[in-house]
Structure formats: C-alpha cells, structure tokens
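The primary structure of each chain is shown beneath.
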Amino acid sequence: MKRLISTVVICVTAFALSSCGGGDPYVVRIDSGLVKGHDENGTMAFKGIPYARVERFMAPQPVEPWDTVMVCENWGPQVMQRTWKELPESEMSEKNSCVLNVWTTDKKASKPVMLWIHGGGFDSGSAAGSPGYELAQNDVVVVSLNHRLNILGFLDLSPFGEKYKYSANAGMLDIVMALQWIQNNIRKFGGDPDNVTIFGESGGGGKVGTLMCMPSAVGLFHKAIIMSGTILNVNDKAMTESLGAAVLQELGISPENVDEIAQVPYRELYDAGQRAMTRSIGTRSPGTPMMWGFGPVPDGETLLQQPFQDDLADISSDVPLMIGTTFNELQRSIYNTEGELSFEDAKPMLEPVFGDLTDELISEFKKSYPGWTARDLVSMDRMFRPKTIITADAICSKRTADTYMYMFDCKSPVSGAAVHGNELAFCFNTLDLVPDQVPEPTDDDMNLAGLMSESWANFAKYGNPNVDGQPYWQPYSAENGEVFVFDYECSVKNNFDRRLQEIVNACCFRQLDEFKASKENTDK
C-alpha cells in the first residue's frame, strides 16, 4: 500500500512539474501552453513562439492552445515573400509564420521590453537577421517578430465585403496582436508590460511610425525608436482600392466571387499583384523617395494618418521618441573609386540633381562637415535625413514627450561608408555576425557597439538615451537642432546642417512634391 501511495505521489509530482515547467528554467507557461527555450550566448532564448492565427486577408486571431511542450529553439518560418528558390513550410509559411522570439536573462525580474520590428519595407524580411541575446544583457527583455507582408498583409479588398474590412492593414494588425501578446505573457519572461519600447529600422522604422498612428496600439507601447524609417508612404484609400480591384481583374475573379482569391497559390497571387500595380497605380522604382502599393493605408479607424507627413498622430504625443539616420544611407557611394576628387570635380556629378543650388550645396557641406571630402558630399544620404528633420520639427512643436535625434557616422572598413542598416550590428552588439561589414572588429568598434546597445537600452528603461561618460544629449527642438553623433569619438552637434538639408529636400523630392500637387488638384 505504501509503495502504491509513493508511486501515485511521484506520478502526480511529475505531472505537476511538467505542467508548469518544473525545474527546467527554459520551460515557461504562457497563455497558450508550455514553451521550451535554450541558452544562446549566455541569454535565455525562446524562438518561433506563435502569437497569432491567420487566415488570408483576415485580421489576426488568438492562437489555438496546445497541450504539449513546444520546443522553441529555432527561428520560426518567415512570412510569404518573393524568394529566389522554393522554401519548405518549416522555413516559409502562410499560416504558421506569425511567430515571435524572446531573449531574457532573468525570468523573475520586471525589465523593460524592447520589441524589434524588422525592415524590408512592407514587402519582405524577417526577424532572423537581428538576434537579441547581447542587447538583452543590458537588463532588458528583447522581443522580435514576423508579420504578414506584401499582398497578403496589405491587399485592400474592403469594397468587396464586410469580411475584408481590415484586409488593407492586416499586416500592421499582426504587430498589434504581438503587442497584445506581450501584455498578456511577457511577465513570464521577466518583462514589464507597462514599459514596452518599439523599435525598427528602414521599413521597420516606418512600421514604428505607423503604429504611432494606430488607435488599437495606444497603451500597448510606451516609447519608440525610428531608425532610418522616414520614407513616405503615400497610399490613400482611392489608390489601394483601385489596386485591389486591379488584382481581381488580373486573376479573372469577379467581385461577387471575391472569396475565390483565398484559393489562389501564393506565387500566382504575388505576380498578379505586381502586374496590377503596373497597370493601375504604377510600380515604385528603387530609390524613389516615397512608397505606395501593398502597404498600410489610413482608413479612419485602423490607421488615422500616414506617419511623417509631416508629423505623427496626436494619439502618440506622450510617447518618448528617438529618431535618426546614417550618414550615407542608400546613396550610391564613390569611396572606392580611384584618383583624387576635388569639390570642383564633383560638380558635374551634383548638378543634374541640384542645378543652380550646386555651389550653395558645396558651400553648406563644407560648413556642416569641415574637413570632409567631395566624395563624402557625393555619397551623402539624400533620402532620410531631410525628412527626419522635418518630422522632428513638426512633432516637437506639439508633443508632450521628449524627442532625441541621432546620426550614425561610423564608416565600414569594407565600403568606406555608413550605409543603410550598418548601425544594427552596433545597436544589437553583434559585430561578429557581420564580417562583410566589419571583418575584424577593433577595440573602437567593440566600444561603440557596447555604447550604442547601452544607449538604446537606457532609452527603453528611462526614456533617456544618455550614457555615463559620453557627451550630454539633450532632447531635440527646432531651435536647438540637437543631434548625437555616434562614431569612434561621439559628439553633440546643434543645427549643424539645417540649410544643407533644406537644399537636399528642395532638390531630391520633386517627384513627391509633384505627386502631392496632383493629389491636391484631383481633390479640388
């Protein structure tokens, strides 16, 4: 009898341990079931956790619970996107790709949470390129996610039935669902759901700005970082509805049979979307200073306005913001060309864009960047910095929360430039993952990476990115134009390039200006 009782106790104890994770520190019970992570460079990592259940063109829904321990040691599948080769369901999936990843060092703590939103515009990308194990060592919990993109995330079928009401912004609603997941579950990983920072670069920065204009995201995050993200989305409902109708026509589906689109194979659907853009609203060329097509659209409910035109929605005026760019961004650089290049030699390269303002451009560049070269001027960013200043000026005039502006000037020894995305390995402190950018990290490289990851984490903790031992970084205003420059020797500059960027804005955004003028004439 005693043996029987002992066996029952052991079985009950084993069941209890398995149901709550037992003594395994890498097993965590979340709302939907048990997940098991692993050690990644000294940080607990949980990868590929499902956060939403999706049906094509529908708003995301909560996941179905599971009753086993889900092993979460590998990146989950990326969302559907155009690839050079066919990928298996385990690597790319339509139904199973709304997954997120968590890195933490202490599940019993209550640390600030940083949600990373990947770049790639609204068309491509995944979270797998930026692991958070080193950033989490700064006493924060790092989360990243995959969400629906391109035609699956942003096809506007709203005119064809109430069920498609949210189809045009489904991809952004996925991110809102991930933020809700954080509210419900992040305490289990040692995170504080009342201190969440969203941050992203390029398209990810655009998504951060978009979330700041979404009522359903209010209260789900408390700080924001926009990194090289101020490219302007000019979608409006007339454009996206026209595109949606063109997609149906390309597929030979009548409006009354719109539900048939759910059965169209993805590649066929994607290709039809590209053809539909070409013959309806037009296709964007790389480097165009604005985007349209399969991306978010203001509808008065899900999204109030497009960000950065010129400001952000008032609903986020109490959210502290950090915003910045790199020196070169996407501009084609000429650092690796041979021979000397004087500013006089550079004029023929600049005049087609800057015309009669070329001489003033050169003069202002010399004032803004004393000692820099003509190659620097020709290779300087012409897309993000001007609109970042305009946005910061606009929001600072009415926001209640602080805004901090930065610039990343550290040039890669490979390209000779501080290009779009180069700052990521420094912010995440993962220089070992980018040998094509920093083949042999020096002490200066490692120190800058440590500084930037600490600065980003400090902003998440306190809404203030200052780091002890560095120049003091004040909140931005149009009057002080304060910019913190990240380089081997960091510095603070004030309104140092305002006129220079006014010239760039006047000359490099003519297509945008013409588009806005045509829209105004159409709306009259």
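Residues numbered from 1 in each chain as written. Predicted model: local features only at pLDDT ≥ 70, side-chain atom pairs only at ≥ 80, totals over all residues. Heavy atoms only, no water.

Participant: Looking at this structure, how should I read the sheet that holds strand β9 (residues 191-201)?
Facilitator: The strands making up a sheet associate through backbone hydrogen bonding, with each pair oriented either parallel or antiparallel. Within the open sheet, the 11 strands sit side by side as β3-β4-β6-β8-β7-β9-β10-β13-β14-β15-β16. Their pairing is mixed. For this open sheet the edge positions go to β3 (38-40) and β16 (491-494), each flanked by a neighbour on one side alone. Averaged over all pairs of adjacent strands, the angle between their axes in this sheet comes to 25°, without regard to strand direction. Where strand β13 (residues 321-326) and strand β14 (residues 403-408) come together, six bridges link them in parallel fashion. Following the sheet pairing, Ile323 is matched in β14 by Met405. (Pairing = 2+ DSSP bridges. Helix = DSSP H or I, 4+ residues; strand = E, 2+ residues; numbered from the N terminus. Axes fitted to C-alpha atoms, helices over the stretch in contact; angles between N-to-C directions.)

Participant: For this particular structure, what's the right way to read the nonpolar core?
Facilitator: Soluble globular proteins tend to pack their nonpolar side chains together in the buried interior. Formed by 156 residues in total, the largest nonpolar core has its most connected members in Leu211, Ile261, Trp456 and Phe486. The greatest single-element share of this core, amounting to nine residues, is contributed by helix α3 (residues 170-185). (Core = buried A, V, L, I, M, F, W, Y, C linked by side-chain atoms within 4.5 Å. Buried < 20%, exposed > 50% of the residue type's maximum accessible area, 1.4 Å probe, protein only.)

Participant: How should I be thinking about the side chain of Ser368 in this particular structure?
Facilitator: Topologically, Ser368 is positioned in helix α8 (residues 358-368). Once residues within four sequence positions are removed from consideration, Ser368 is found in contact with Lys493, Phe496, Asp497 and Leu500. (Contact = heavy atoms within 4.5 Å.)

Participant: Please explain the packing of aromatic side chains as it appears in this structure.
Facilitator: For any pair of aromatic rings, the description rests on two quantities: the centre-to-centre distance and the angle between the ring planes. According to the stated counting rule, one finds 23 aromatic pairs in the structure shown. With a centroid separation of 6.0 Å and an interplanar angle of 35°, the aromatic rings of Trp181 and Phe189 are classed as tilted. Linked through ring pairs, Tyr404, Tyr406, Trp456, Phe459, Trp473, Phe484 and Phe486 together constitute an aromatic cluster. The ring of Trp75 carries Lys47 above its face, with NZ or CZ at 4.4 Å from the centroid. Taking NZ or CZ as reference, Lys387 lies 4.5 Å from the ring centre of Phe509, over its face. (Phe/Tyr/Trp six-rings, centres within 6.5 Å; stacked < 30°, edge-to-face > 60°. Lys NZ or Arg CZ within 6 Å of the ring centre and 35° of its normal.)

Participant: What is the right way to look at the pairing of strand β15 (residues 482-486) in this model?
Facilitator: In regular strands, side chains alternate between the two faces of the sheet. Along β15, five of the five residues are buried, which leaves the element largely enclosed by surrounding structure. Covered by surrounding structure in β15 are Glu482, Phe484 and Phe486 together with Val483 and Val485, the residues of both alternating faces. Bridge count between β14 and β15: three bridges; the pairing is parallel. Paired with Tyr406 across the two strands is Phe484, which belongs to β15. Relative to β16, β15 runs antiparallel, the two sharing four bridges. Its bridge partner lying in β16, Phe484 is registered against Val492. Linking β15 to β16, which pair antiparallel, is a turn of four residues.

Participant: It is not clear to me how the pairing of strand β2 (residues 33-36) should be interpreted in this structure. Could you clarify?
Facilitator: Looking at chain direction, strand β1 (residues 27-30) and β2 are connected through four bridges and run antiparallel. Paired with Arg29 across the two strands is Leu34, which belongs to β2. Counted between consecutive antiparallel strands, the loop separating β1 from β2 contains two residues. By the bridge criterion, three bridges tie β2 to strand β5 (residues 69-71) in an arrangement that is parallel. Pairing of Leu34 across the sheet is with Val69, part of β5.

Participant: I would appreciate a short explanation of the environment of Leu269 in the present structure.
Facilitator: Relative to the elements of secondary structure, Leu269 occurs in helix α6 (residues 266-279). For Leu269, a relative accessible area of 0% gives the class buried.

Participant: How should the confidence of the model for the protein chain be read in this particular structure?
Facilitator: Where the model shows low pLDDT, its predicted coordinates should not be examined in detail. Summarising the model, the protein chain shows a mean pLDDT of 93, and 94% of its residues fall at 70 or more. Under a pLDDT of 50 for its full length, residues 1-19 has, in the predicted model, five contacts with residues more than four places off or in other chains. (pLDDT = per-residue confidence, 0-100.)

Participant: Looking at this structure, I do not really get a nonpolar patch on the surface. What am I missing?
Facilitator: On the surface, Val218, Leu304 and Ile315 cluster together into a nonpolar patch covering about 220 Å² of accessible area. Tracing the chain through its elements places Ile315 in the loop between β12 (290-291) and β13. On the basis of relative accessible area, Ile315 is assigned to the partly exposed category, the value being 32%. (Patch = residues over 30% accessible without salt bridge, like charges linked within 9 Å, V, L, I, M, F, W, Y side chains within 5 Å. Areas by Shrake-Rupley, 256 points an atom, 1.4 Å probe, with all protein chains shown as cover. Salt bridge = Lys/Arg side-chain N within 4 Å of Asp/Glu carboxyl O.)

Participant: Would you explain the packing of α8 against helix α13 (residues 498-508) in this entry?
Facilitator: Two elements in contact, α8 and α13, have axes whose closest approach is 8 Å; the angle formed by their N-to-C orientations is 145°. Here α8 runs over α13; the crossing is left-handed. Facing α8, whose interface residues are Glu360, Leu361, Glu364, Phe365 and Ser368, α13 presents Arg499, Leu500, Ile503 and Val504. In terms of residue class, the contact of α8 with α13 is made up of five nonpolar, one polar and three charged. (Left-handed = near helix turned anticlockwise from the far one by under 90°. Nonpolar A, V, L, I, M, F, W, Y, C, P; charged D, E, K, R; others polar.)

Participant: Is there a simple way to think about α8 in this case?
Facilitator: Helical geometry note: an α-helix holds 3.6 residues per turn, so side chains three or four residues apart project in the same direction. Thr358, Leu361, Ile362, Glu364, Phe365 and Ser368 are the residues of α8 that are buried. At its buried positions, α8 is contacted by α7 (343-354), α9 (374-379), β16 and α13.

Participant: What should I look at first to understand the sheet that holds β5 in this one?
Facilitator: Across the sheet, which stays open at both edges, the three strands sit in the order β1-β2-β5 with mixed pairing between neighbours. What marks the edges here is a single partner per strand, and that holds for β1 and β5. The average undirected angle you get between the axes of adjacent strands in this sheet is 30°.

Participant: Quick question: what am I supposed to make of the pattern of salt bridges here?
Facilitator: Tallied over the full model, the rule gives 26 salt bridges. For Lys36, the salt bridge is made with Glu73, and the minimal N-O distance between the two is 3.7 Å. One end of the pair, Lys36, is in strand β2; the other, Glu73, is in the loop between β5 and β6 (99-104), with 37 residues separating them in the sequence. The salt bridge partner of Glu55 is Lys95, with a shortest N-O separation of 2.8 Å. With Glu55 in the loop between β4 (43-50) and β5 and Lys95 in the loop between β5 and β6, this residue pair connects regions lying 40 residues apart in the sequence. Looking at Glu55, the relative accessible area reads 42%, which means it is partly exposed. Overlapping salt bridges, with partners in common, bring together Asp24, Lys36 and Glu73 in one network.

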